[in-house]
Each structure stands twice: as C-alpha cells, then as structure tokens.
Amino acid sequence: MQQPDDQKKEESGHPPFPIIRDVKVGSPIRWFAKGWNDMISCPIPSLFYGFCFAAMGLLITFVFEHAYEYTSGLTSGFLLLGPFLSMGLYEISRRREKGDACSLMPTMMVWRRNAGNIGIFAVVLGVMFLVWARASLVIFALFYTNEMPNLTGFLQQLISLENLEFLMVYFAVGMLFATLVFAVSVVSIPLMLDRDQDAISAMLASVGALARNPAAMIMWAFAIVSATLIGFMTFHLGLAVLMPVVGHATWHAYRDLIEPLNGQ
C-alpha cells in the first residue's frame, strides 16, 4: 500500500521513490528469453541498433588498428556506455508491452521524454568512461615501459599468461569501474523513460536493486559480460544480435525489479 507521502508526490507530478522487489536467482534466464522474443518480434528496429553497436566496434578497431592500448579501453567502454546507448531498445520493448506497433522512428528520439535527467545520467557515465579510458592507458604505460609489442605478440602474451601481473591489474581496475557502472545503471534509464524518474532516485534505486538481490544481479552481470565478450570475439559482428537481446532483456529486468506504479 502506498504511503501518504508517495501519494502526494504522484498527485504533484513527481513519481515516488521506486519500490524494489525481490527476484529469483534464475530470473536473468527468463529476462533473456523475453529479450529474444522482443527481438524476433521486432527484428528491423532491434537489428538497427544491433548493427550500430557492431559498426561502432568495427570503427574503433579500424581507427586504432596500430594502437590497441586505446582499442582495449574504448572497446571495454561498451560495458560502461551500453545502458545509455540501449535506450531505443528499451522503448521497443515498452511499446511492444503496450501493444503498439514495432517502429524504429518513435524510438530514435525517446530521450526527449526525460531529457534533463537522462542528460545528467549520460554525463555520469561519460565521466566514468573517460576516467576508465585514462586508467587503461596508465596501466599499459606502467607495464610496457620500453616498447609495445605488436598485436600478434600482445595476443600471444594474453593467451600464454606471460604478462600475468598486467592482466591481474588491468582486469581488477576494469572490474571496479564495471561494478560502479552496473550498480548505478541496473534500472536507471528504464525508470527515467517509463515514469519520468529523476536521475538521482533512479541511480539510488539501481544500487538498491543490486543490494537487495545480489545473487540474481551477479548472474545478470555475468550474462551481460558473457554476451559482450562473445560479440567481441566474433569481430564485433555478434554484437548485432546479442546487444539487442541484452537491451530488451534489461527492460524486462526493470519490470521484475521495480514495483509498477498504480495504473501501470
């Protein structure tokens, strides 16, 4: 039952703070299944965003072909900026849920629905991405003080675990940034799009969802990272299919994790 303060906020046009629900550990499997159904039900708009992800990955790889210390930082930035870049996919799932026709154009400018707060969130993610990109370069500089190996040599080092200290530090720092981003973005943008939630409340709700459902959220994070890595390992082409599925699944994760408002 809603508290009187929440009712007043709703009546004044300000949505109440989101109520977080408990979910089962295996819920991410169901979210992915629903995400897949959304993609195959709305293939053209979904794959449009997927090919945008793939094109961005290929462009980064091509532009920084001979400077993979930049490529690794920028490519891993997909995990940091993914929630913001997937807004159109959330909107496709929202429209399908309401029974609206699948269409690309209404999703292209969906950020206008809550532009101010989405802008704040975009700045937060952007700052985290820039700090991570700089940290990535610093780690490369610390462990490769003389001359960078060529790409083949670098990949051989990764496979053979020859430079184990570098790998441990790089992935530890990357995990820290990924955890921070994941914590504030689990349901943030779907909340801001669905009910005009303010950025601070949306980020706090995301942190709360992680704190209340740690096992399910670890499974969810592992699934997202696995899908992204598979996309990278297929020369970014797998992102064309996997990223739409992840985006649609994120909408269904939001629906399970956050109690709907009255009338929704």
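Keep in mind it's a predicted model, so treat the numbers as computed, not measured.

Counting secondary structure elements, the chain contains 13 helices and 0 strands. The order of helices and strands in the chain, counted from the N terminus, is α-α-α-α-α-α-α-α-α-α-α-α-α. For the chain, with 264 residues in total, the buried portion stands at 46%. Excluding contacts between residues fewer than 6 apart, the proportion of contacts in the chain whose partners are at least 24 apart in sequence is 76%. In the form shown here, the chain has an accessible surface area of approximately 13,700 Å², with 69% of it arising from carbon and sulfur atoms.

What follows covers the nonpolar core. The biggest cluster of nonpolar side chains holds 45 residues, and the ones touching the most others in it are Trp31, Met217, Trp220 and Leu257. In terms of residues, this core owes the most to one element, helix α13 (residues 239-257), which gives 10 residues. Beyond its immediate chain neighbours, meaning those up to four positions away, methionine 217 contacts Trp31, Phe182, Val186, Ala209, Leu210 and Leu257. One finds Trp132, Leu167, Tyr170 and Phe177 within the second-largest nonpolar core, a separate group that totals 9 residues.

All right, on to helix α7 (residues 115-143) then. In a regular helix each residue adds 1.5 Å, so 29 residues correspond to 42 Å; α7 covers 42 Å between its end C-alpha atoms and thus fits that length. Residues of α7 that are buried: Asn117, Ile118, Phe121, Leu125, Met128, Phe129, Trp132, Ala133, Ala135, Ser136, Ile139 and Phe140.

For the rest of this paragraph, the subject is unusual backbone geometry. Glycine aside, residues mostly have negative phi angles, and peptide bonds mostly take the trans form. A positive phi angle, near 55°, is found at aspartate 196, a position not held by glycine. Relative to the helices and strands, aspartate 196 resides in the loop between α10 (188-195) and α11 (199-212). The backbone of phenylalanine 235 shows a phi angle near 55°, a positive value even though the residue is not glycine. Mapping phenylalanine 235 onto the fold places it in the loop between α12 (214-233) and α13. On the accessibility criterion, phenylalanine 235 (66% relative accessible area) is exposed.

The subject of this paragraph is the confidence of the model for the chain. In the predicted model, the chain carries a mean pLDDT of 84, and the fraction of residues at 70 or more is 81%. Within the chain, the element-level pLDDT minimum falls on helix α1 (residues 4-11), averaging 47, and the maximum on helix α2 (residues 27-41), averaging 97. The low-confidence segment residues 1-12, where pLDDT is below 50, has 10 contacts with residues more than four positions distant or belonging to other chains.

The next point concerns the state of the cysteines. Within the structure shown, the criterion is met by 1 disulfide. Residue cysteine 42 pairs covalently with cysteine 102 via a disulfide, S to S 1.8 Å. With cysteine 42 in the loop between α2 and α3 (43-63) and cysteine 102 in the loop between α5 (87-98) and α6 (105-108), the pair connects residues that are 60 residues apart, well separated along the chain. Among the residues examined, cysteine 102 registers a relative accessible area of 41% and is labelled partly exposed.

Turning to the environment of proline 16, a few remarks are in order. Structurally, the position occupied by proline 16 is in the loop between α1 and α2. Under the relative-accessibility criterion, proline 16 is labelled buried at 3%. Sequence-wise, proline 16 and glutamine 197 are 181 residues apart; in three dimensions their C-alpha atoms are separated by 8.3 Å.

What follows is about the packing of α5 against α13. Viewed as axis vectors pointing N to C, α5 and α13 meet at an angle of 60°, and their least axial separation amounts to 8 Å. Taken together, the axes of α5 and α13 are oblique relative to one another. Here the hand of the crossing between α5 and α13 comes out right-handed. Along the contact surface, α5 presents Leu89, Tyr90, Ile92, Ser93, Arg94 and Glu97, while α13 presents Met243, Pro244, Gly247, His248, Thr250, Trp251, His252 and Arg255. For the contact of α5 with α13, the class distribution of residues is 6 nonpolar, 5 polar and 3 charged.

Let's shift gears to the pattern of salt bridges. In this structure the tally under the stated criterion is 8 salt bridges. Its salt-bridge partner being arginine 212, residue aspartate 22 comes within 2.6 Å of it at the nearest N-O pair. Remark: arginine 212 occurs in helix α11 and aspartate 22 occurs in the loop between α1 and α2; sequence separation between them is 190 residues.

Our next topic: a nonpolar patch on the surface. Nonpolar side chains collect at one region of the surface, where Phe48, Met105, Met108, Met109 and Trp111 lie side by side and expose about 470 Å² of accessible area between them. For methionine 108, the position within the fold is in helix α6.

Along the chain, the position of glutamate 91 falls in helix α5. When its relative accessible area of 2% is taken as the criterion, glutamate 91 is described as buried.

Looking now at the packing of α2 against α12. Packing of α2 against α12 leaves a shortest axis separation of 8 Å and a crossing angle of 45°. Regarding the angle of α2 to α12, the classification is oblique. For the pair formed by α2 and α12, the contact residues are Pro28, Trp31 and Phe32 on the first element and Ala216, Met217, Met219, Trp220 and Ala223 on the second. Looking at side-chain class alone, the contact of α2 with α12 contains 8 nonpolar, no polar and no charged residues.

Reading the values: rules and limits
Residues numbered from 1 in each chain as written. Predicted model: local features only at pLDDT ≥ 70, side-chain atom pairs only at ≥ 80, totals over all residues. Heavy atoms only, no water. Helix = DSSP H or I, 4+ residues; strand = E, 2+ residues; numbered from the N terminus. Buried < 20%, exposed > 50% of the residue type's maximum accessible area, 1.4 Å probe, protein only. Contact = heavy atoms within 4.5 Å. Areas by Shrake-Rupley, 256 points an atom, 1.4 Å probe, with all protein chains shown as cover. Core = buried A, V, L, I, M, F, W, Y, C linked by side-chain atoms within 4.5 Å. Expected span 1.5 Å × (residues − 1). pLDDT = per-residue confidence, 0-100. Disulfide = S-S within 2.5 Å. Axes fitted to C-alpha atoms, helices over the stretch in contact; angles between N-to-C directions. Parallel < 35°, antiparallel > 145°, perpendicular 65-115°, else oblique. Left-handed = near helix turned anticlockwise from the far one by under 90°. Nonpolar A, V, L, I, M, F, W, Y, C, P; charged D, E, K, R; others polar. Salt bridge = Lys/Arg side-chain N within 4 Å of Asp/Glu carboxyl O. Patch = residues over 30% accessible without salt bridge, like charges linked within 9 Å, V, L, I, M, F, W, Y side chains within 5 Å.

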